[in-house]
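Given next are the chains, with one letter for each unit.
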Amino acid sequence: MLHETRAFPPSPEFAAQANAQADMYQAASADRLEFWADQARKHVTWKVPFTTTLDWSEAPVAKWFADGKLNAAYNAVDRHVAAGNGDRVALHFEGEPGDTRTVTYADLQREVNRAANALASIGVQTGDRVVIYLPMIVEAVVAMLACARLGAPHSVVFGGFSSDALRSRIADAGAKVVITADGGFRRGKPSALKPAVDEAVAAEGSPVEHVVVVARTGQETTMVEGRDVWWNDLMESADVEHTPVWVDAEHPLFILYTSGTTGNPKGILHTTGGYLTQTAYTHFNVFDLKPETDVYWCTADIGWVTGHSYVVYGPLLNGATQVIYEGTPDSPHQGRWWEIIEKYKVSLFYTAPTAIRTCMKWGEDIPNKYDLTSLRVLGSVGESINPEAWMWYRRVIGGDKAPIVDTWWQTETGAIMISPLPGVTATKPGSAQRPLPGISADVVNDSAESVPNGSGGYLVLSEPWPAMLRGIWGDLERFKDTYWSRFDGLYFAGDGAKKDEDGDIWLLGRVDDVMNVSGHRLSTMEIESALVSHDIVAEAAVVGAADDTTGQAVVAFVILREQSADQGATPEGVAQIQEELRNHVAKEIGPIAKPRKILVVPELPKTRSGKIMRRLLRDVAENRAVGDATTLADSSVMDLIASELSGTPGKPQA
Ligand code: PRX
């Protein structure tokens, strides 16, 4: 992989019209702060202009553009209407059942204003947290922007998470209001959301005062008098005029929970000015957005950071016209995405490698039936894209001409950090290549020394960047400890990486106990805690095993409690246990966390200090010969597991 010789330089036509220019790298390295100040002035409208760029005196908590004032919703919506672009389409909504809705920037302004007034009418004030638990519908975008308009940080929880996951996020954020829907459409059927909210807010001590419910599916919904209110009822009586709340650049914009190496998800905190600057700057340059002519589509759900930065804030700040789609790529048929691209003449497309690999499996005949010639830039995010998938994406979807931007970033970084620039970079299949102008990234060894080209190590970020997280909600120590303690003065991303002979960066996956399943982050510990919360499980260990489609798949090893020993002794009993535990994990966390495989074992491999050796379990899960097991406390454990899995269920331990 370090000897990749294929390179795809930009065509002269593309380069001639590109937003990004090669001299941006020089400008940024000549004066990084001045470069960012320029971006902040170019891409953001300030109510009160900033005079300071970066205050790093309280590192690692950065302050960017701190004395400036602005409003995120004003920047995403109002200023486009004020500039005479109110008639431009902001959102082409495509519902899963085929219903559609076109929302112009002027429409969006009216809706966001109304929603801001509606939320204020039920007591939401600047600084209050609002949880949003919605399908991928127009109201999700409106709700986020309405919160931003009020300066009320939103915390979006992916609609696929369980009520337990929702409850713990509501509690951690101290949310006063939850915005949800009766349900959403999934594979042709309505799927309820409101019952999960009811369960989550029923818990004693819930901070939630009101639940606002969007009618999406029309399914039977129980409303609690005095607490629950229909979105439409609130919106109907709300005024269409609303003055945005001008907030300081460092005012919290949102909290987004993500899995870490320990059991509890972390509330990643993002603030306003720096985040908007970098999301708009990256969206403009990495996707080469031409707001008057492009149609952009990012397939991410708003429940993930990609939906925040590259469906809501980045594109809307840039006045883009975009598609949002509620459903899955195969509903009602496997050509649905390509049909949508043809229908709206999508020109900029952003998706994840797992989706590309799935489409590869379905065969190229499917996309070949559609006219995809409108596409001119293709993006990839969430995990490394393997060179075969990259080549397929380029040839079959991009007609061998659209540049591919493989974008590395994280919930914590807020915006794209490492990526080719279309029109500038000669792209290489499988590599995210170079830090963007203004970003300082490196690959270092255990002693924090930069590794030479051709070597591997840990990916770090060596200078603060505008969209960086400002902390973990309510836990400054955990923030310092998680990201800043491994290497002095460097942000440790948790990823392994290599530099090739040209100095281009190749991402090699997580080096901690975080798995990446279909581009979604899952913590091994979180799934282990879910498993041991079931009363038949004594102990559990979870690993991410390589998977052709999803990148990694969750594989769990469980030791049963004594009382379930008999059940674990027959193949039928084991099958039942596996089904029950898979469903239990779905209930505790959400269906995305369901283990692909659950193996009932008599022992787990542990070091003398009691640490589970996941490396050995990964060998088993990936059907490899088990590696060096000499540091095990009991070296016969791996033999025991091997004989157990070869078909003779033994007696589980107490
Ligand atoms: O391991 C890296 C992987 O996804 C992690 C961040 O996950 P999350 O916060 O959920 O954000 C995903 C969307 C930005 C990273 O630590 N990752 C993300 N993009 C890439 C990637 N790995 C390799 N190449 C990428 N382009």
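As shown above, the structure is provided for reference.
Note that this is a predicted model, so its numbers are computed, not measured.

Right, let's talk about the site of the ligand for a bit. Inspection of the region around the ligand gives 17 residues, with D406, T407, T411, D495 and R510 positioned closest. Interatomic distance of 3.4 Å between a backbone N/O atom of S384 and a nitrogen atom of the ligand. At 2.9 Å, a side-chain N or O of Q410 approaches an oxygen atom of the ligand. Relative to its unbound accessible surface of 540 Å², the ligand loses 96% to contact with the protein.

On to helix α4 (residues 72–85), then. In α4, a bend of some 40° at D78 exceeds every other bend along the element. Of all the positions in α4, only A72, A73, N75, A76, V77, D78, R79 and H80 are classed as buried. You can read the cap of α4 off the contacts: a side-chain oxygen lies 2.8 Å from the backbone nitrogen of A73, and it is on N71.

The subject of this paragraph is the environment of Y393. Its location among the elements puts Y393 in helix α15 (residues 387–397). Along the primary structure Y393 and C359 are separated by 34 residues, whereas in three dimensions their C-alpha atoms are 9.5 Å apart. Every residue in contact with Y393, bar those within four places of it in the chain, is listed here: F349, T351, I356, L378, G379, I385, G398 and I404.

Right, let's talk about the pairing of strand β11 (residues 210–214) for a bit. Looking along a regular strand, one sees the side chains alternate between the two faces of the sheet. Among the five residues in β11, five count as buried, and that is most of the element. Here β11 shows a buried face lined by H210, V212 and V214 and a second buried face lined by V211 and V213. Examined bridge by bridge, strand β8 (residues 177–181) and β11 share five bridges and lie parallel to one another. Among the inter-strand pairings, V178 is bridged to a residue of β11, identified as V211. Relative to strand β12 (residues 228–230), β11 runs parallel, the two sharing three bridges. Looking across to β12, one finds that V213 is bridged to W230.

Attention shifts here to the sheet that holds strand β25 (residues 505–510). Taken in spatial order, the four strands make up an open sheet running β21-β22-β24-β25, and their pairing is antiparallel. In this open sheet, the two edge strands, each paired with only one partner strand, are β21 (441–444) and β25. Across the sheet, the mean angle separating the axes of adjacent strands is 45° when strand polarity is ignored. By the bridge criterion, four bridges tie β21 to strand β22 (residues 456–461) in an arrangement that is antiparallel. In the sheet register, A441 faces β22, and the bridge partner there is L461.

Moving on: the packing of aromatic side chains. For the structure shown, the criterion picks out 34 aromatic pairs. With a centroid separation of 5.8 Å and an interplanar angle of 65°, the aromatic rings of W46 and F65 are classed as edge-to-face. Residue W46 is found in the loop between α3 (32–43) and β1 (54–55), and its partner F65 is found in the loop between β2 (63–64) and β3 (69–70); the two are separated by 19 residues along the sequence. Considered together, W46 and F65 belong to a single accessibility category, that of buried residues. Look at Y458 and F487: their rings are 5.7 Å apart centre to centre, the planes differ by 45°, and that puts the pair in the tilted class. Of the two residues, Y458 is situated in strand β22 and F487 in the loop between α16 (476–484) and β24 (491–499); the sequence distance between them amounts to 29 residues. Neither Y458 nor F487 differs from the other in exposure class; each is buried.

The next subject is the nonpolar core. Generally speaking, nonpolar side chains in soluble globular proteins are found buried as a group. Ranked by size, the top nonpolar core spans 161 residues in total, and within it L108, L145, I179, F287, Y313 and I527 carry the most contacts. Top element by residues in this core is helix α6 (residues 138–150). It accounts for 11 residues. Setting aside its immediate chain neighbours within four residues, I179 contacts L119, V130, V131, I132, Y133, L134, A143, V212 and W231.

On to the packing of helix α13 (residues 353–362) against α15. Close contact between α13 and α15 brings their axes to 10 Å; oriented N to C, the two are set at 70°. Classed by the angle they form, the pair α13 and α15 counts as roughly perpendicular. Here I356, R357, C359 and M360 of α13 lie close against α15, whose contacting residues are E388, A389, W392 and Y393. In terms of residue class, the contact of α13 with α15 is made up of six nonpolar, no polar and two charged.

A separate point is the pairing of strand β14 (residues 252–258). Across the seven residues that make up β14, a large majority, six, are buried. With six bridges connecting them, β14 and strand β15 (residues 266–271) associate as antiparallel partners. By the bridge assignment, Y257 is partnered in β15 with G267.

Generally, phi is negative for residues other than glycine and the peptide bonds are trans, each holding for most cases. The amide bond that connects A59 to the next residue, P60, takes the cis arrangement and shows omega of 5°. Mapping P60 onto the fold places it in the loop between β1 and β2. P332 follows S331 through a cis peptide bond whose omega is 0°. Structurally, P332 can be placed in the loop between β17 (321–325) and α12 (336–344). Residue S518 is not a glycine yet carries a positive backbone phi of 50°. S518 sits in the partly exposed class, given a relative accessible area of 22%. The phi torsion at N623 lies on the positive side, around 55°, for a residue other than glycine. Structurally, the position occupied by N623 is in the loop between α19 (614–621) and α20 (637–645). With a relative accessible area of 68%, N623 lands in the exposed category.

Reading the values: rules and limits
Residues numbered from 1 in each chain as written. Predicted model: local features only at pLDDT ≥ 70, side-chain atom pairs only at ≥ 80, totals over all residues. Heavy atoms only, no water. Near = heavy atom within 4 Å. Polar contact = N/O pair within 3.5 Å; in protein donor to acceptor, adjacent residues only side chain to side chain. Areas by Shrake-Rupley, 256 points an atom, 1.4 Å probe, with all protein chains shown as cover. Bend = angle between axes of the 7 residues up to and from the residue. Helix = DSSP H or I, 4+ residues; strand = E, 2+ residues; numbered from the N terminus. Buried < 20%, exposed > 50% of the residue type's maximum accessible area, 1.4 Å probe, protein only. Contact = heavy atoms within 4.5 Å. Pairing = 2+ DSSP bridges. Axes fitted to C-alpha atoms, helices over the stretch in contact; angles between N-to-C directions. Phe/Tyr/Trp six-rings, centres within 6.5 Å; stacked < 30°, edge-to-face > 60°. Core = buried A, V, L, I, M, F, W, Y, C linked by side-chain atoms within 4.5 Å. Parallel < 35°, antiparallel > 145°, perpendicular 65-115°, else oblique. Nonpolar A, V, L, I, M, F, W, Y, C, P; charged D, E, K, R; others polar.

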